[in-house]
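Structure assessment
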Amino acid sequence: MNELNSPQSPPNENPDENQEKNDSDSLSEERGIKPRISPIAAAFIGLIGGFLLYQIVGGILTLVIFGINFESAPINSVRLMTMGGQILFILLPALLFSKWFYEDVSRILRIRVPAWQEFILFGIGIIILTPLLQYFILVQNHFIEIWAANSHFINSIKSALDSLNELVEKTYGDLLTAHNIGEAVLVIAVVAVVPAICEETMFRGFIQKSFELRIKPVWAALITAIFFGLYHFNPYGMIPLIILGFYFGFAAYKSNSILIPMSLHFTNNFIAIMVYFIIGNQDLIDTTPDTNVDLNSAFLMIVLLTIIMIGLIITIKKYYSKISLT
C-alpha cells in the first residue's frame, strides 16, 4: 500500500514536512550513540585538535629531533617520523575523542566488515576519479597561468602558491624516492597504508560521523572534505583533494563501514606510488601551472568521465536501496 494513502498519515499533512521532521529526529540522536557534548563541537575539536597536534606539535617535535637542517636528515628517519606522527597525532586522538565524547566507539568509527561487492563498486570510482581529477588539474592550472599573466594581483598570489607548491613537491619527492625493495615497502607503508588508516579514522570516522549527528549527511561529507583538502596544504591540488574526500565521505556514509574509505584512500595513494616508481621522475607530483594543454581533449575527457561517474553513483545508490529491502 502507498504510504501516503495509509490511514496512519493524516490526509492534509505535508509529506515533505513529515520527512524533514523524521530526518531531524534521526539526526538528533542515532540509536546507540549518546554524545556527551555537542557533536558539532566534537567534530571541530577533532579538526582543530588534529591540525594542532599533527602540524604544530609534530612540526616542533621534528625540529627538536632533526634540528633546523631538516633537509639533511636521513630520509628513512623522516619516513618513520612521518608515520609515527600520523599514528600518534591523528589516529590516537580520533580513538580517544571517540571514547571520551561518545559511548559507542564502533558506531562512531563505522566499524563494520562490508561485502566484497561494496569494495568493487566503490573501487571502480577511484579508477574513474584518478584520470578525471588529473584532467581537471591540467585545465585548472592552464587557466591559472593565463589569469596570472594578465593580473598583477593574481600573479602575486600565484607566486606565493608556487613557493608552497614547490615545498610540497620536494617533500613528496623525497618520501617517494626508493632505491631498493626495502625502501619501496617503507614508502608504501608511509604514504599509502598509514595515512589510509589514520586519516580515514579521524576524518570519515570521528569527524564526519559527528557532523552527521546534527546535519544532513551530504553537508557532513562536504564540510569534512573541505577540511580534508585544506589539511594537505597542496595549493593546486586542493579542489581535487576536496572532491576525492567527498567521494570518500559518500562511501563511508552509504556503506557505513570505515574499511571502504580506507581501502579507497589506500588504493588512490598506492596507484600514485606505483606510477611514480614506473615513471621515475617528477611528472606525477608536479602540479605547476602549464599552458601547453589540449583544452578540447581535456574538456571532452572531463565530461565523459563525469557522466560515467554519475552512472556509478546511481548504481551504488540502487545497490544499497536493493539490499536495504532484503
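Everything here concerns the structure above.
Just so it is clear, the model here is predicted, and its values are computed rather than measured.

It is worth spelling out the packing of aromatic side chains at this point. Per the stated rule, a full pass over the model turns up 19 aromatic pairs. For the ring pair Phe97 and Phe206, a centre distance of 5.7 Å and an interplane angle of 40° mean the geometry is tilted. In this pair, Phe97 sits in helix α3 (residues 75–101) while Phe206 sits in helix α7 (residues 181–212), placing the two residues 109 residues apart along the sequence. Judged by its relative accessible area of 10%, Phe97 falls in the buried class. Overall, Phe206 belongs to the buried group, its relative accessible area being 0%. Taking 5.0 Å as the distance between ring centres and 85° as the angle between the ring planes, the aromatic pair formed by Tyr319 and Tyr320 counts as edge-to-face.

Attention now goes to the environment of Ser297. Locating Ser297 in the fold gives a position in helix α11 (residues 295–324). Distance in space between the C-alpha atoms of Ser297 and Tyr135 is 9.2 Å, their sequence separation being 162 residues. Here Asp294 takes part through its side chain, which lies 2.9 Å from a polar atom of the side chain of Ser297.

Formed by 37 residues in total, the largest nonpolar core has its most connected members in Tyr102, Ile108, Met202, Phe203, Phe206, Ile207 and Ile273. The set of elements that each furnish at least two residues to this core consists of α2 (39–66), α3, α4 (105–108), α7, α8 (217–231) and α10 (259–279). Among the elements that make up this core, the one with the highest residue count is α7 (13 residues). Residues within four places of Tyr102 in sequence aside, it is in contact with Ile33, Lys34, Pro35, Arg36, Pro39, Ala42, Phe97, Ile108, Phe206, Ser210 and Leu213. Core analysis: the next-biggest nonpolar cluster, separate from the first, contains 23 residues, Phe122, Phe250, Val293 and Met309 among them.

What follows concerns α10. Two residues of an α-helix separated by three or four positions point the same way, owing to the 3.6 residues in each turn. For α10, spanning 21 residues, the distance from its first C-alpha to its last is 30 Å, which sits close to the expected 30 Å at 1.5 Å a residue. Here α10 has its buried residues at Ile260, Pro261, Met262, Leu264, His265, Asn268, Asn269, Ile273 and Tyr276.

Procedures and definitions
Residues numbered from 1 in each chain as written. Predicted model: local features only at pLDDT ≥ 70, side-chain atom pairs only at ≥ 80, totals over all residues. Heavy atoms only, no water. Phe/Tyr/Trp six-rings, centres within 6.5 Å; stacked < 30°, edge-to-face > 60°. Helix = DSSP H or I, 4+ residues; strand = E, 2+ residues; numbered from the N terminus. Buried < 20%, exposed > 50% of the residue type's maximum accessible area, 1.4 Å probe, protein only. Polar contact = N/O pair within 3.5 Å; in protein donor to acceptor, adjacent residues only side chain to side chain. Core = buried A, V, L, I, M, F, W, Y, C linked by side-chain atoms within 4.5 Å. Contact = heavy atoms within 4.5 Å. Expected span 1.5 Å × (residues − 1).

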